[in-house]
Amino acid sequence: MKKQVTSWHAIGAQIAHFRKWAGLTQTGLADQLAVSHDKMASIEQGRRPVDLALAARIDELLDTKGALAVAVAKVPAREKFPVLVADLVEIEQVAVSILSYEAQVVPGLLQTEDYMRAVFNCRYPPIGRGMLDDWVLGRLERQKVWEREEPPGANFILEETILRRPIGGREVMREQIRRLLDLSELDCMGLQIMPSDRVPHAGLDGPLELLENPEHDFVAYLEGQRVSSVVDDPDEVSIYQLKYGMLRSQALSPAESAHLLDTLLGAS
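Draft legend 1. Examining the overall build of the protein chain more closely. Scanning the protein chain for helices and strands turns up 12 helices and 6 strands. On the principal axes, the C-alpha backbone points of the protein chain span a range of 65 × 45 × 40 Å. By the burial criterion, 44% of the 268 residues in the protein chain qualify as buried. Contacts in the protein chain between residues far apart in sequence, at least 24 positions, make up 68% of those at least 6 positions apart. Here the protein chain has roughly 14,500 Å² of accessible surface; of this, 53% comes from carbon and sulfur atoms. Of note, the protein chain has its 29 positive side-chain charges centred 8 Å away from the centre of its 40 negative side-chain charges.

So this is what it looks like as structure tokens:
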């Protein structure tokens, strides 16, 4: 399979070119930026993204008149995230509504930073510290959808077992529950808990996300072990919409869910 060439390959090549023009070795540039040599090599090879702050520092150091910061700012949103979620992120950026059901962990759009770090640390094979930091920054960037002037209307259904699984430890989970309570108070947000004794229910096939674009077309996003897919066939999407409607009817109401979150917070 041919390797995909992204904006990061072009930006990495630019950094290498400007560095050589300035008479610096790759190691020398890494030392001056206080980053690891491996990270610098990965950036120049296009294997790692560059955040805007680092691009600005390289511009200043190499006297490149802001060229790298401009290039990084223009990178398409989908290229800033792991391939697994790139399609999802691209749709999220413009979505007018988001409907989500999750059975394993708190959805990424609702996670605290400590919780998301704990989730990423559970991955196997493990990921390196540098990649973990990049993924955390990317997920925090995704969460800016709630800061939009007109944020998407949203409803999230979480299995109760997620809230009783102390990923990252008790205090991390407490902060995560507080975060869920705060988010549930947003005008655009609905949050429902599927109680652990409500079996069977319509979500046993796995997580599901439905996203509506500005033209009011829906797509479904499905994710599993190292695979993900976006479904846009109207007949298939209709089935997932029916499934989600059933899940909403089977879960606790938003008020009941907030009460359960309060109870869990008090007990933890």
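Draft legend 2. Seen up close, a negative patch on the surface. A contiguous patch of negative charge, built from D232, D233, D235 and E236, is present on the exposed surface. With respect to the element layout, D235 can be found in helix α11 (residues 234-250).

Draft legend 3. Just the packing of helix α1 (residues 7-21) against helix α3 (residues 37-44), in detail. For the pair α1 and α3, interaxial distance at closest approach is 7 Å and the crossing angle is 115°. It follows from the interaxial angle that α1 and α3 lie roughly perpendicular. In this structure, α1 contributes W8, G12, A13, I15, A16 and R19 to the contact, and α3 contributes M40, I43 and E44. Residues belonging to the contact of α1 with α3 are distributed by class as follows: 6 nonpolar, 1 polar and 2 charged.

Draft legend 4. Quick look at the pairing of strand β3 (residues 189-194). The element β3 is largely enclosed, with a buried count of 6 among its 6 residues. Bridge count between strand β2 (residues 153-159) and β3: 6 bridges; the pairing is parallel. Bridge pairing in β3 links N155 to G190.

Draft legend 5. View of the side chain of E92. Within the secondary structure, E92 sits in helix α6 (residues 83-92). E92 sits in the buried class, given a relative accessible area of 0%. Among all residues touching E92, those that are not within four sequence positions of it are L109, R142, V145, R148, E209 and L211.

Draft legend 6. How the structure looks around the nonpolar core. Formed by 35 residues in total, the largest nonpolar core has its most connected members in L110, Y115, W146, F156, L158, L163 and L180. Within the residue set of this core, elements represented by two or more residues are α7 (113-121), β2, α9 (160-163), α10 (170-184), β3, β5 (218-224) and α12 (254-267). Ranked by residues supplied to this core, first place goes to α10 with 6 residues.

Draft legend 7. Main features of α11. For α11, built from 17 residues, the straight-helix expectation of 24 Å at 1.5 Å per residue is met to within 8% by its first-to-last C-alpha distance of 24 Å. Listed as buried for α11 are V237, Y240, Y244, L247 and Q250. When α11 is viewed along its axis, its buried side chains cluster within an angular range of 135° and face the same direction. Exposed residues pointing more than 90 degrees away from the buried face of α11 are listed as P234, D235, L242 and S249. On the buried face of α11, the contacting elements are β1 (97-102), β2, β3, β4 (208-212), β5 and β6 (227-231).

Draft legend 8. Representation of the sheet that holds β5. Reading across the sheet, the 6 strands line up as β3-β2-β1-β4-β5-β6 and stay open at both edges, with mixed pairing between neighbours. A strand with exactly one partner marks an edge of an open sheet, and here the two such strands are β3 and β6. Adjacent strand axes in the sheet meet at a mean angle of 10° when their direction is disregarded. Of the pairings in the sheet, the one linking β5 to β6 comprises 5 bridges and is antiparallel in character. Counted as the bridge partner of A220 is V231 from β6. Contacting β1, β2, β3, β4, β5 and β6, α11 runs over the sheet at an angle of about 115° to β4.

What counts and what doesn't
- Every chain is numbered on its own, with residues counted from 1 as its sequence reads.
- Residues qualify for local features only when their pLDDT is at least 70, as the model is predicted, and side-chain atom pairs are given and counted only at 80 or more; totals for whole chains, interfaces and linings, by contrast, use all residues.
- Hydrogens and waters are ignored; side-chain quantities use all the structure's heavy atoms.
- Under the scheme used here, helices are H or I runs from DSSP no shorter than 4 residues and strands are E runs no shorter than 2 residues, and both carry numbers assigned from the N terminus.
- Type-normalised accessible area, obtained with a 1.4 Å probe on protein chains alone, sets the label of each residue: buried when under 20%, exposed when over 50%, and partly exposed for intermediate values.
- Contact definition: two residues touch when any of their heavy atoms are within 4.5 Å.
- All accessible-area figures derive from a Shrake-Rupley calculation using a 1.4 Å probe, and residue coverage is judged against the displayed protein chains alone.
- Positive charges come from Lys and Arg, negative ones from Asp and Glu, while His and the chain ends are left out of the count.
- Charge positions are represented by NZ for Lys, CZ for Arg, CG for Asp and CD for Glu.
- In this analysis, a patch consists of residues with relative accessible area above 30% that form no salt bridge, clustered at 9 Å for like charges and at 5 Å for the nonpolar side chains Val, Leu, Ile, Met, Phe, Trp and Tyr.
- The salt bridge definition used is simple: a Lys or Arg side-chain nitrogen within 4 Å of an Asp or Glu carboxyl oxygen.
- Axis geometry follows a simple rule: fit a line to the C-alpha atoms, using only the stretch in contact for helices, then measure angles between N-to-C directions, giving values from 0 to 180 degrees.
- Note on terminology: angles under 35 degrees are roughly parallel, angles over 145 are roughly antiparallel, angles of 65 to 115 are roughly perpendicular, and the others are oblique.
- Side-chain classes follow a simple rule in which Ala, Val, Leu, Ile, Met, Phe, Trp, Tyr, Cys and Pro form the nonpolar group, Asp, Glu, Lys and Arg form the charged group, and the remainder, Gly included, forms the polar group.
- DSSP bridges decide pairing: two strands pair if at least two such bridges lie between them.
- We define a nonpolar core as any set of buried Ala, Val, Leu, Ile, Met, Phe, Trp, Tyr and Cys residues linked to one another through side-chain atoms lying within 4.5 Å.
- Given the number of residues in a helix, its expected span is that number minus one, multiplied by 1.5 Å.
- An arc is given here, and it is the one of the directions from the helix axis to the C-beta atoms.

Everything listed is a geometric property; what it means functionally is a separate question.
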